[in-house]
Amino acid sequence: MSLPTPTMHTARLLLRPFTAADADALFVLHSSPRVLRYWDAPPWTERARADRFIAACRQIEQEGTGARLAIERAADGRFIGWCGLVRWNPDHRSARMGYCLDDAAWGQGFATEAAGALLQWAFDTLDLNRVQAETDTRNTASGRVLEKLGFVREGMLRQDCIVDGEVSDSWVYGLLRREWKPVPTRSAAS
């Protein structure tokens, strides 16, 4: 069963399915050591990784297990990152959320706006009861985004990742349907 990736408009953003034309910008994003400082994998070193990522987006859509959306600023059409839901389980009514934004877009509320639109779509369309997210314990900005969206810190995965020899812990966050309060700056999905 496929799960069509939506296109959504918010006050300042367009969230849409990835296309092959996004590969160069996606590679720039994921090859930045600053952007991936707290990621669970090292920065990309080959452009083919972007093509594989986009192919994986299509695959999870076809399998019906999730949706990843490119994020671009509505004002100028510039690609600034992505957000997505994976591991959608209709039996348990759960999924996992993730996002990655260009460092030039940090601190402007774009992550909250994009993830809020994605969550609204997910709760409305997928009838989710629970969304889970994880972030490196040192990534306080990502933790703030999740908390603004209503996520509750539920625990810590100790020494969860080792990237380039550096060991890190991850916070686990959860958001239940009954706790979800829509973010007012977005408009409906199309």
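As the structure is a computational prediction, the values presented were derived from the model and not from experiment. Just so you know, the residues in each chain are numbered from 1, in the order the chain's sequence is written. Per-residue local features are limited, in this predicted model, to residues with pLDDT of at least 70; the limit for side-chain atom pairs, both in listing and counting, is 80 or more; totals at the level of whole chains, interfaces and linings are taken over all residues. Side-chain numbers come from the whole structure's heavy atoms, not from hydrogens or water.

## With respect to the overall build of the protein
To keep things clear, this is the line we draw: A helix here means a DSSP run of H or I that spans at least four residues, while a strand means a run of E at least two residues long, and both kinds are numbered starting from the N terminus. As defined in this context, the radius of gyration uses C-alpha atoms, and a globule is described by 2.2 Å times the residue total to the power 0.38. Computed with a 1.4 Å probe, the accessible areas rest on the Shrake-Rupley method; for each residue, only the protein chains presented here act as cover.
In terms of helices and strands, the protein carries 4 helices and 9 strands. Against the globule reference of 16 Å for 190 residues, the protein gives a C-alpha radius of gyration of 16 Å, in line with a compact fold. The principal-axis extent of the C-alpha atoms belonging to the protein is close to 40 × 40 × 35 Å. Within the structure as shown, the protein displays about 9600 Å² of accessible surface, and the carbon and sulfur contribution to it stands at 50%.

## Topic: the pairing of strand β4 (residues 79-89)
Regular strands place their side chains on alternate faces of the sheet. Applicable threshold: Buried residues are those whose accessible area, probed at 1.4 Å on protein chains only, stays under 20% of the maximum for their type, while exposed residues exceed 50% and partly exposed ones sit between those limits. Strands pair, by our definition, only if DSSP identifies at least two bridges between them.
In terms of burial, β4 is largely enclosed, as 8 of its 11 residues are buried. Pairing analysis gives 7 bridges linking β4 to strand β5 (residues 94-101), with the strands arranged antiparallel. Each bridged residue has a counterpart across the sheet, and for Leu85 the counterpart in β5 is Met97. In sequence, β4 turns back onto β5 through a hairpin of 4 residues, with Arg93 there showing a positive phi of about 55°.

## Re the environment of Ala117
Mapped onto the secondary structure, Ala117 falls in helix α3 (residues 110-125). For Ala117, a relative accessible area of 2% translates into the label buried. As for Ala117 and Pro182, which are separated by 65 residues in sequence, their C-alpha atoms are 8.2 Å apart.

## Considering the confidence of the model for the protein
Filter applied, for reference: pLDDT is defined as a per-residue confidence score from the predictor, taking values between 0 and 100. We call two residues in contact when some of their heavy atoms are within 4.5 Å.
Across the protein, pLDDT averages 92, with 96% of residues at or above 70. Within the model, the stretch residues 186-190 combines pLDDT values under 50 with 15 contacts to residues more than four positions away or in other chains.

## Here's the deal with the pairing of strand β3 (residues 67-73)
The buried count for β3 comes to 6 of 7 residues, which makes it a mostly enclosed element. Sheet topology places strand β2 (residues 13-17) next to β3; 5 bridges connect them, and they run antiparallel. From the neighbouring strand, Arg16 faces β3, where its bridge partner is Ala70. Of the pairings in the sheet, the one linking β3 to β4 comprises 6 bridges and is antiparallel in character. Looking across to β4, one finds that Leu69 is bridged to Cys83. Counting the residues between successive antiparallel strands, the hairpin from β3 to β4 contains 5 residues, one of them, Gly77, with a positive phi of roughly 70°.

## Here we look at the state of the cysteines
Our working rule: In this description, the term disulfide denotes a pair of cysteine sulfurs within 2.5 Å.
A full pass over the atoms with the stated rule returns 0 disulfides. The thiol of Cys83 is unpaired, and the distance to the nearest cysteine sulfur, on Cys57, comes to 11 Å. Under the relative-accessibility criterion, Cys83 is labelled buried at 0%. A disulfide-free cysteine, Cys100 has its sulfur positioned 11 Å from the sulfur of Cys83, the nearest such atom. Assessed through its relative accessible area of 3%, Cys100 is described here as buried.

## Examining the nonpolar core
Rules: The set of buried Ala, Val, Leu, Ile, Met, Phe, Trp, Tyr and Cys residues whose side-chain atoms join them within 4.5 Å is what this entry labels a nonpolar core.
Ranked by size, the top nonpolar core spans 37 residues in total, and within it Leu85, Met97, Leu119, Trp121, Leu128 and Phe151 carry the most contacts. A total of 10 residues in this core trace back to one element, the largest contributor, which is α3. Membership of the second largest hydrophobic core comes to 16 residues, among which are Phe18, Val35, Phe53 and Ile54.

## Here's the deal with the packing of aromatic side chains
We count it as follows: Centres within 6.5 Å make a pair out of two Phe, Tyr or Trp rings, where for Trp the six-membered ring is used; the pair is then stacked when the planes are under 30 degrees apart, edge-to-face when over 60, and tilted otherwise.
Under the counting rule described, the total for this entry stands at 6 aromatic pairs. Residues Phe18 and Phe53 carry aromatic rings whose centres are separated by 5.5 Å and whose planes lie at 75° to one another, so their mutual orientation is edge-to-face. With a gap of 35 residues between them, Phe18 in the loop between β2 and α1 (23-30) and Phe53 in helix α2 (residues 48-63) connect regions that are remote in the sequence. Residue Phe18 is classed as buried on the basis of its relative accessible area, which comes to 8%. Exposure remark for Phe53: the relative accessible area of 11% places this residue in the buried category. An angle of 55° between the planes, with centres 6.2 Å apart, marks the rings of Phe18 and Phe79 as tilted. You can see Phe18 sitting in the loop between β2 and α1 and its partner Phe79 sitting in strand β4, a full 61 residues away along the chain. Here the aromatic cluster, defined as three or more aromatic residues joined through ring pairs, consists of Phe18, Trp39, Trp44, Phe53, Phe79 and Trp82.

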